[in-house]
Amino acid sequence: MDARLLICDYSYHFQQFSTSHRGGLTTYLFRLQTEGSCEVYCNGVEHLVQTGDLLLLKPGDEYELRVKDEGQDGRVSSGDYYIFCDGAWIDEWWTRQARPVVSHTGVDDQLLGLWRQMLLEKRRSLEEKHGELTDYLLRSLCLYLDRAISEIKPTDRLAFTALRLKRFVEEHATLTFKLEEAASHVGLSLSRAVKLFKEYYGKTMIQYALEIRLNAAVERIKYSTMTLEEIAETCGFASYSYFHRVFRANYGMSPVKFREKATVPANPGERTFD
């Protein structure tokens with residue numbers, strides 16, 4: 001049985017955007033929201049998709065995506081990885097269990113690593129013809145999604161509260177937010193929220209937010225045509241000079257040099273199907 005990866009890409013929208021498949025999808029669509037939010041309409045039902053939400057759709061599902069501004073400042077922000085795929089193995093995998101349209105799996109580093117590797121291999125296979133590798137990466141992703149979905153229920157109250165803090169940071173990292181807002185979101189004092197987060201995740205909320213901002217910047221440097229100044233601004237850095245300093249400290253090179261080294265070419269024909 002085969003698992004065919006048809007399209008695999010990353011998209012980021014900083015302007016309002018919409019697309020639709022009202023006649024029904026012809027393939028499976030998997031979409032992981034890595035930043036911001038959007039509205040998805042599937043078979044007449046509206047879903048608000050936020051950071052960390054996984055969208056799973058099957059052939060025949062009606063699908064419409066809308067990216068709008070997120071609040072009074074009129075800012076538009078929506079980043080995601082997505083794939084279109086089909087094949088007998090995917091058909092069999094899909095029927096193993098009931099699959100909700102939207103699940104909150106979080107922005108998991110291992111999951112993102114699989115998705116990124118699959119994206120790069122898909123692009124390389126255009127010339128190198130390594131289709132078998134992308135086949136197995138796609139199967140691995142599907143199996144990892146099953147595990148991620150099964151592990152989203154916390155085992156105790158404190159773990160659930162820590163997870164809510166983590167999700168708040170993920171959803172607001174590229175915006176301006178205060179730690180007091182995160183604490184208020186989960187009903188804790190600031191000192192208790194700070195301590196709880198550090199206990200469960202081994203880092204502060206500020207450190208985690210910075211990681212998310214840098215990861216978002218890397219995605220846009222690699223996969224978008226945005227200027228570095230636009231990337232710094234939309235990733236939540238107060239200035240380009242601060243972004244430049246933090247980026248160099250973490251990656252050992254400037255954003256300009258990093259973009260120069262990211263030489264895997266994008267396929268323009270794969271940018272319009274999100």
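Here we look at the pattern of salt bridges
Taken as a whole and judged by the stated rule, the model has 14 salt bridges. Measuring nitrogen to oxygen at the nearest pair gives 2.8 Å for the salt bridge that ties aspartate 86 to arginine 4. Taken together, the residues aspartate 86 in strand 7 (residues 78-86) and arginine 4 in strand 1 (residues 4-13) connect sequence positions 82 residues apart. Through salt bridges that share partners, Lys166, Arg167 and Glu170 make up one connected network.

Digging into the side chain of arginine 31
Along the chain, arginine 31 turns up in strand 3 (residues 28-42). Taking the relative accessible area as the measure of exposure, arginine 31 reaches 0% and is therefore buried. Among the polar contacts made by the side chain of arginine 31, one reaches the side chain of aspartate 80 at a distance of 3.1 Å.

Comments concerning the packing of aromatic side chains
Within the structure shown, the criterion is met by 19 aromatic pairs. For the pair phenylalanine 237 and phenylalanine 243, a centre-to-centre distance of 5.0 Å together with 50° between the ring planes defines the contact as tilted. Each member of the pair phenylalanine 237 and phenylalanine 243 is classed as buried. Geometrically, the ring pair formed by tyrosine 251 and phenylalanine 258 is tilted, given 5.8 Å between the ring centres and 55° between the ring planes. By relative accessible area, which is 29% here, tyrosine 251 ends up partly exposed. By the ring-pair criterion, three or more aromatic residues cluster together here, those being Phe237, Tyr240, Tyr242, Phe243, Phe247, Tyr251 and Phe258. When the ring centre of tryptophan 94 is taken as reference, the NZ or CZ atom of arginine 99 above it lies at 5.8 Å. Against the face of tyrosine 12 rests arginine 220, its NZ or CZ located 3.5 Å from the ring centre.

How each quantity is defined
Residues numbered from 1 in each chain as written. Predicted model: local features only at pLDDT ≥ 70, side-chain atom pairs only at ≥ 80, totals over all residues. Heavy atoms only, no water. Salt bridge = Lys/Arg side-chain N within 4 Å of Asp/Glu carboxyl O. Helix = DSSP H or I, 4+ residues; strand = E, 2+ residues; numbered from the N terminus. Buried < 20%, exposed > 50% of the residue type's maximum accessible area, 1.4 Å probe, protein only. Polar contact = N/O pair within 3.5 Å; in protein donor to acceptor, adjacent residues only side chain to side chain. Phe/Tyr/Trp six-rings, centres within 6.5 Å; stacked < 30°, edge-to-face > 60°. Lys NZ or Arg CZ within 6 Å of the ring centre and 35° of its normal.

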